[in-house]
Structure formats: C-alpha cells, structure tokens
Amino acid sequence: MRRGCLFFLAGFVILLGVLGWLANAFLIQPARNLVQDFRQLVQLESGVQRQQAYRPPASGQLSPGQVQRLVRVQRAVREGLGSRYTAIEGRLRQLSERFGAEQQLDYRAVLDLFRESGALVVDAKKIQVRSLNAQGFSLEEYRWVQRQAYAALELGIPKLDPQKLLQQIASGDFNPQTALEAPAPDPANRRLVQPYAKELRDFYPLTWFGL
C-alpha cells in the first residue's frame, strides 16, 4: 500500500515537471520572446525617415501607386528573409485562413512563430524599415494603405498598442488579444488589390506584428 502511494506521488511529481516544462517551452518562453521582439520593433520604427503626419483622401480610395508600393515592401520582406520565410509560409497560410473571418486576434495562437523562428520578425522589421524608406512611405501612410488594402479583401488589421501588449504579457497574461479592425471595403480599392490578392493574403499574419 505504502509503496503504491510512493509510486503514485512520484508519478504525479514527474507529471507536474513535464507539464511545467511544456508550459515553459510552448507558452511562457515564446511569450517572453514576444515581449523582447515588440520592444525592438518599436525601436526600429524610429528608423523610418518620413515622420510627418499623413492626411488620407476623404474618399478612402487608394491610388494604384500606393498599392504597388505596399506590395513592393512586402515582397522586399519576403525576399530578404529568403528560406526563413519559406519555412513558415505554410504556417502563415493556416493562420490567415483561421483568422480571416475573425474580429478578435488571439496572440497565443501565433506564438509558435516566435518559438520556431528565432528573431525572424525583428529581422523582417529591419528589412521593412529599409523598404519603407526606399518607397517613400511614412509609417502613417503605410498603415493607412495597408488597412485599406486588406479591408478590400475583407481582412482586419489589429490596431496595435505594443505597450499594452507588453504590459499584459509581462504581468503573466500569456493570452493577449486585440481587435481586428477593417473599414468598409471600397469597390475601387477591391479592383486595385485584386491582382495582388494571393500574396497579400499569404503575408497577412505578419501584419499582426506591424509588418
């Protein structure tokens, strides 16, 4: 009887240890990496040369040039990451399909990107900043163009508040959430983005990190 109890307790302790290791490997550590990466992303954005405010047109319509510049920035990120982007492309596609019709983004569902890809998102931000400068984008214009383009595909972009996300994760909330917001799609914008729909959709999950 006593030996059976000892075996049970030993098994229970081992189980707790395994569960603790799994929680650290798959949830806690990726969340900590997310905190560190978001801090770096905020710092890197100061490297965008055009800092002036952007006044979007009252019509909400994109110009062909804006759509082309947006696509060039995304292509620069994909090409700059090379095989590292290819390695997560299938995962990105799954996430895009999963959250494409959602109004709320669960960041815990995307933490695998941080567990498996190292500093990929930080490196992607460095490439993006260089490309934003090459394309003459300010952050405000880029974000407006991005939001309108994805709204035309009926996909929402999170209104990121990195500091709030950092506070949530740092306080032990490993399931931060944010709304996916999309303005009403404009028919003219639909026509402009349609030739690029597939690549915009494939890149979509990276927009959740300000890319």
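Structure: see above.
Remarks on the packing of helix H2 (residues 64-81) against helix H6 (residues 139-152)
- Their axes nearest at 10 Å, the elements H2 and H6 cross at an angle of 100 degrees. Judged by the inter-axis angle, H2 sits roughly perpendicular to H6. Together, Gln66, Arg69, Leu70, Val73 and Gln74 of H2 and Glu141, Tyr142, Trp144, Val145, Gln146, Ala149 and Tyr150 of H6 make up the contact between the two elements.
- Here the residues of the contact of H2 with H6 are counted per class, giving 7 nonpolar, 3 polar and 2 charged.

Remarks on the nonpolar core
- Ranked by size, the top nonpolar core spans 43 residues in total, and within it Tyr150, Val193 and Trp208 carry the most contacts.
- Those elements that place two or more of their residues in this core are H2, helix H3 (83-99), helix H5 (120-134), H6 and helix H9 (197-203).
- Every residue in contact with Tyr150, bar those within four places of it in the chain, is listed here: Gln74, Leu155, Ile157, Leu200, Arg201, Phe203, Tyr204 and Thr207.

Examining the packing of aromatic side chains
- In the structure shown here, the tally under the stated rule is 4 aromatic pairs.
- Measuring from centroid to centroid gives 5.3 Å for Phe137 and Tyr142, while their planes differ by 80 degrees, and the two rings are edge-to-face. Grouping residues by exposure puts Phe137 and Tyr142 together as buried.
- Between the aromatic rings of Tyr204 and Trp208, the centroid separation amounts to 5.4 Å while the plane-to-plane angle is 80 degrees, which identifies the pairing as edge-to-face. This pair shows no difference in class: Tyr204 is buried, exactly as Trp208 is.
- What links up through ring pairs into an aromatic cluster is the set Tyr150, Tyr204 and Trp208.

Details of the pattern of salt bridges
- Throughout the structure, instances matching the rule amount to 10 salt bridges.
- Notably, a salt bridge pairs Glu199 with Arg78, separated by 2.8 Å at the nearest N-O pair. Here the residue Glu199 occupies a position in helix H9, and Arg78 occupies one in helix H2, the gap between them amounting to 121 residues.
- A relative accessible area of 19% places Glu199 in the buried class.
- Given the relative accessible area of 17%, Arg78 is considered buried.
- Ionic pairing is found between Lys198 and Asp202, a salt bridge with its closest N-O pair at 2.8 Å.

Scoring rules and cut-offs
- Residues numbered from 1 in each chain as written.
- Predicted model: local features only at pLDDT ≥ 70, side-chain atom pairs only at ≥ 80, totals over all residues.
- Heavy atoms only, no water.
- Axes fitted to C-alpha atoms, helices over the stretch in contact; angles between N-to-C directions.
- Helix = DSSP H or I, 4+ residues; strand = E, 2+ residues; numbered from the N terminus.
- Parallel < 35°, antiparallel > 145°, perpendicular 65-115°, else oblique.
- Contact = heavy atoms within 4.5 Å.
- Nonpolar A, V, L, I, M, F, W, Y, C, P; charged D, E, K, R; others polar.
- Core = buried A, V, L, I, M, F, W, Y, C linked by side-chain atoms within 4.5 Å.
- Buried < 20%, exposed > 50% of the residue type's maximum accessible area, 1.4 Å probe, protein only.
- Phe/Tyr/Trp six-rings, centres within 6.5 Å; stacked < 30°, edge-to-face > 60°.
- Salt bridge = Lys/Arg side-chain N within 4 Å of Asp/Glu carboxyl O.

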